[in-house]
Amino acid sequence: METIGDAPGPEGPGRRKVIKRIGLATGGLLAGGAAGMAAEQAWLERDPPTPASAASVESWEPPGRQVDVVWAVDTTRRLIALTFDDGPMERWTPRALDALDEAGVPGTFFVLGSRLARNAGLVRGRLARHEIGNHTWKHDDLSRMSHRDAYRSIHRTHTVIKEVTGTEATLLRPPWGRLGGTTLHVAAEHGYDLVLWSLLVQDRRLGDRPAEMVDAVVGNARPGTIVLAHDVGAPSREEAVRQLPAMIRGLRRRGFEFVTVSQLRRAATGTHNPPGPLRAAAGGPGAPGEPGGSGH
């Protein structure tokens, strides 16, 4: 009876050669394994696979509500929301507010708490038609923060918004749109929903070609679009603020009506709350009982 691999033959190795090769392979695996383990350990120390933001939070309990994430709204109405991140800051934020006031258009400003505390005078008394959202204290990456640090960033900003505007924010835009477990935890704890965007003002790419930048916004807008602009930042973003009147004119020519993010959400197809009249003029988002407005 023939046992495969026992006897040497012209086409295959003998037992000693097979054992020798197995030994060499095993040694290689051990050496490679040790190197691989060392590399993995170095990677773990440099970039943990489970950041604090995704770890369990023992002290956190569900607040009895879900956290919605919205970047656009499903609606047949030609509605659009202009949003502005990172302010308020000198020059730019007043210029953006001037353009919106002149056109009678509401905006939604996602503010940094540290800048709002420092520049409260820039916006105080100018927010009647606008909505204010939380954008963390110092543009913090919530997706990489511990629950304690993320909560502090969000809560400090929440408190300053109420002190300066007299209202409580209901919306959070995480910087860079980065989501993590902590982002959802602290949003739920504050009663927030998360707002991203569906159309970015291409100031970095088209800042030196303002007409094309305007056309890119006007031409790509759809019913329910949330536009992301900035009222602080690189010089190209200052150019985008200058072009706000042209963007508004172009969107109006296409039949768009401007609303805050919260108004836009209430106009969503299939919403349980009938949208009713969307008062985009002064006092609209601030009406009593309208969450997300500047009057509650």
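Refer to the preceding data block for the structure.
Notes on the structure in this doc start here. Sequence order sets the numbering: in each chain, residues are counted from 1 along the sequence as written. In keeping with the model being predicted, local features are shown solely for residues with a pLDDT of at least 70 and side-chain atom pairs are shown and tallied solely at 80 or more, while totals for entire chains, interfaces and linings include all residues. Excluding hydrogens and water, the side-chain figures rest on all heavy atoms present in the structure.

1. Things to note about the environment of Ala-150
The secondary structure listing takes helices from DSSP runs of H or I that are at least 4 residues long and strands from runs of E that are at least 2 residues long, numbered from the N terminus. Secondary-structure assignment places Ala-150 in helix α5 (residues 147-165). Through-space distance from the C-alpha of Ala-150 to that of Trp-137 is 9.4 Å; in sequence the pair is 13 residues apart. Each residue touching Ala-150, except ones within four places of it in the same chain, is listed here: Leu-142, Met-145, Thr-182 and Val-186. The contact definition used throughout considers only heavy atoms, calling two residues in contact when any of these lie within 4.5 Å.

2. Observations regarding a positive patch on the surface
On the surface, Arg-118, Lys-138, Arg-152 and Arg-156 cluster together into a positively charged patch. Mapped onto the secondary structure, Arg-156 falls in helix α5. Note on exposure labels: buried denotes an accessible area under 20% of the residue type's maximum, exposed denotes more than 50%, and partly exposed covers the range between, all computed with a 1.4 Å probe on protein chains only. The class of Arg-156 is partly exposed, set by a relative accessible area of 33%. Note that patches include only residues with greater than 30% relative accessible area and no salt bridge, and the join distances are 9 Å for like charges and 5 Å for nonpolar side chains (Val, Leu, Ile, Met, Phe, Trp, Tyr). Using the Shrake-Rupley algorithm and a 1.4 Å probe, accessible areas are obtained, with residue cover drawn only from the displayed protein chains. Any carboxyl oxygen of Asp or Glu that lies within 4 Å of a side-chain nitrogen of Lys or Arg is treated as forming a salt bridge with it. The convention is simple: Lys and Arg are positive, Asp and Glu are negative, and His and the chain ends are not counted. Note on charges: their place is set at NZ of Lys, CZ of Arg, CG of Asp or CD of Glu.

3. Description of empty space enclosed by the protein
In this analysis the probe radius is 1.4 Å and the grid spacing 1 Å, with only protein atoms considered; a cavity is a set of points the probe fits into but cannot get out of, a pocket is an open set with protein on both sides within 12 Å along at least five of seven lines, and lining residues have an atom within 4 Å of a point. Grid points are joined across faces, edges and corners, and a volume is the space filled by probe spheres set on the points. Scanning the entire structure with this criterion turns up one cavity of 30 Å³ or more. The computed volume of the largest cavity comes to approximately 50 Å³. Lining the largest cavity are Pro-88, Thr-93, Leu-97, Phe-109, Val-111, Leu-116, Val-123, Leu-127, Ile-132 and Asp-231. Those elements giving two or more residues to the lining of the largest cavity turn out to be α2 (92-103) and β3 (108-111). The residue makeup of the lining of the largest cavity, split by class, is eight nonpolar, one polar and one charged. Following the grouping adopted for this structure description, the nonpolar residues are Ala, Val, Leu, Ile, Met, Phe, Trp, Tyr, Cys and Pro, the charged ones are Asp, Glu, Lys and Arg, and the polar ones are all others, Gly among them.

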